[in-house]
Amino acid sequence: MASLNYANPKEQSQHPKQPRVILENRFAFPPNRETLGATSYFIVGNSVNILIDCPAWNQTNQDFLQNQGGVKFLFLTHRGAIAKVREIQQTFNCEVIIQEQEAYLLPNLSVTPFQHELTFSDEQIQALWTPGYSPGSSCLYDPALGGILFTGRHLLPNAQGYPTPLRTSKTFHWKRQLASVERLLDLFKDKPLEYICPGANTRKYQFSKGKHQKKLRSV
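Student: Tell me about the pattern of salt bridges, and name the residues and values.
Tutor: Scanning the model with the defined rule gives 3 salt bridges in all. Taking the shortest distance from any N to any O, the salt bridge between aspartate 142 and arginine 26 comes out at 2.8 Å. Within this pair, whereas aspartate 142 is found in strand 10 (residues 138-142), its partner arginine 26 is found in strand 2 (residues 26-28), the two being separated by 116 residues in sequence. This pair shows no difference in class: aspartate 142 is buried, exactly as arginine 26 is. Linking aspartate 186 and lysine 189 is a salt bridge whose minimum nitrogen-to-oxygen distance equals 3.6 Å.

This is how it looks when you write it as structure tokens:
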């Protein structure tokens, strides 16, 4: 399994790093210890801004989001990405989107649940249910820049750097996760996909349909 970039608690609290550009108007936040070192992403769109999973809720990240024009949508890829959802929604009055099987984890909040797919914003951003890592595990597809898939913990880089499903102690249902991978491969036969941005690493991966599809199907 590829090593994950976990934040040192003291460094995160005393010297928080700025989010960094990974693609045009797409940013990655430093790993958040509240979500086991997960990476949150931010899309600055032409019409709306979308936050993917919860970054560390410190002043550096709050100021960054404010300076970018705030947050219209907060999309949660899985239950483990839930951290300061209430604070984020109260600050930006944003819409929270989560797959319906995990919406119950956010009581007393205004939540937009979805079942299999949900397309939102004028830019045709699409939520895709990919159960397996957790019951409501989901990916977010951004058709810009040749196609970007934000995978949460559904696909992670392995030791060789290939995006792949990784079976861990937290995996909810391994066979369902593999079935979700097959559905994604079928979907992207006809959809453009240039990059994969996993939720537990701070880099993007360029996706080669021939090479990576073959390796994913062999898992």
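Student: Explain the packing of aromatic side chains residue by residue, including any values.
Tutor: Using the criterion set out here, one finds 8 aromatic pairs in the structure. Taking 5.2 Å as the distance between ring centres and 55° as the angle between the ring planes, the aromatic pair formed by tyrosine 41 and phenylalanine 150 counts as tilted. Residue tyrosine 41 is located in strand 3 (residues 41-44), and its partner phenylalanine 150 is located in strand 11 (residues 148-152); the two are separated by 109 residues in the primary sequence. Residue tyrosine 41 shares its accessibility class with phenylalanine 150, and that shared class is buried.

Student: Could you give an account of helix 2 (residues 59-67), naming the residues involved and the relevant values?
Tutor: When helix 2 is considered as a whole, its buried residues turn out to be Thr60, Asn61, Gln62, Phe64 and Leu65. On its buried face, helix 2 sits against strand 2, strand 3, strand 4 (49-52) and helix 3 (85-92). At the N-terminal boundary of helix 2, the capping side chain belongs to asparagine 58, with an oxygen 3.2 Å from the backbone nitrogen of threonine 60. Looking one or two residues past helix 2, glycine 69 carries a phi angle of roughly 105°, positive in sign.

Student: Help me get a handle on the pairing of strand 14 (residues 195-198), residues and values and all.
Tutor: Look at any regular strand and the pattern is simple: side chains alternate between the two faces of the sheet. Side chains Tyr195 and Cys197 of strand 14 all project onto a buried face; the interleaved residues Ile196 and Pro198 project onto the opposite face, where all are buried too. With 4 bridges joining them, strand 11 and strand 14 adopt parallel strand pairing. Residue pairing in the sheet places phenylalanine 150 in a bridge with cysteine 197 of strand 14.

Student: Quick one: what's the story with the layout of surface pockets, residue by residue and with numbers?
Tutor: Any space left empty among the atoms is revealed by the rolling of a water-sized probe across them. Here the second largest pocket defines a volume of roughly 170 Å³. Taken together, His116, Glu117, Leu128, Trp129, Thr130, Ser180, Arg183, Leu184 and Leu187 form the lining of the second largest pocket. If one sorts the elements of the lining of the second largest pocket by residue count, helix 4 (residues 174-187) sits on top with 4 residues. Among the residues making up the lining of the second largest pocket, the classes are represented as 4 nonpolar, 3 polar and 2 charged.

Student: Residue-level account of unusual backbone geometry, with values.
Tutor: If you check the backbone angles, glutamine 124 has positive phi at about 60° while not being a glycine. Non-glycine residue leucine 145 carries a positive phi angle of around 55°.

What counts, and at which threshold
- Residues numbered from 1 in each chain as written.
- Predicted model: local features only at pLDDT ≥ 70, side-chain atom pairs only at ≥ 80, totals over all residues.
- Heavy atoms only, no water.
- Salt bridge = Lys/Arg side-chain N within 4 Å of Asp/Glu carboxyl O.
- Helix = DSSP H or I, 4+ residues; strand = E, 2+ residues; numbered from the N terminus.
- Buried < 20%, exposed > 50% of the residue type's maximum accessible area, 1.4 Å probe, protein only.
- Phe/Tyr/Trp six-rings, centres within 6.5 Å; stacked < 30°, edge-to-face > 60°.
- Contact = heavy atoms within 4.5 Å.
- Polar contact = N/O pair within 3.5 Å; in protein donor to acceptor, adjacent residues only side chain to side chain.
- Pairing = 2+ DSSP bridges.
- 1 Å grid on protein atoms, 1.4 Å probe; cavity = no way out; pocket = protein on both sides within 12 Å on 5 of 7 lines; lining within 4 Å.
- Points joined across faces, edges and corners; volume = space filled by probe spheres on them.
- Nonpolar A, V, L, I, M, F, W, Y, C, P; charged D, E, K, R; others polar.

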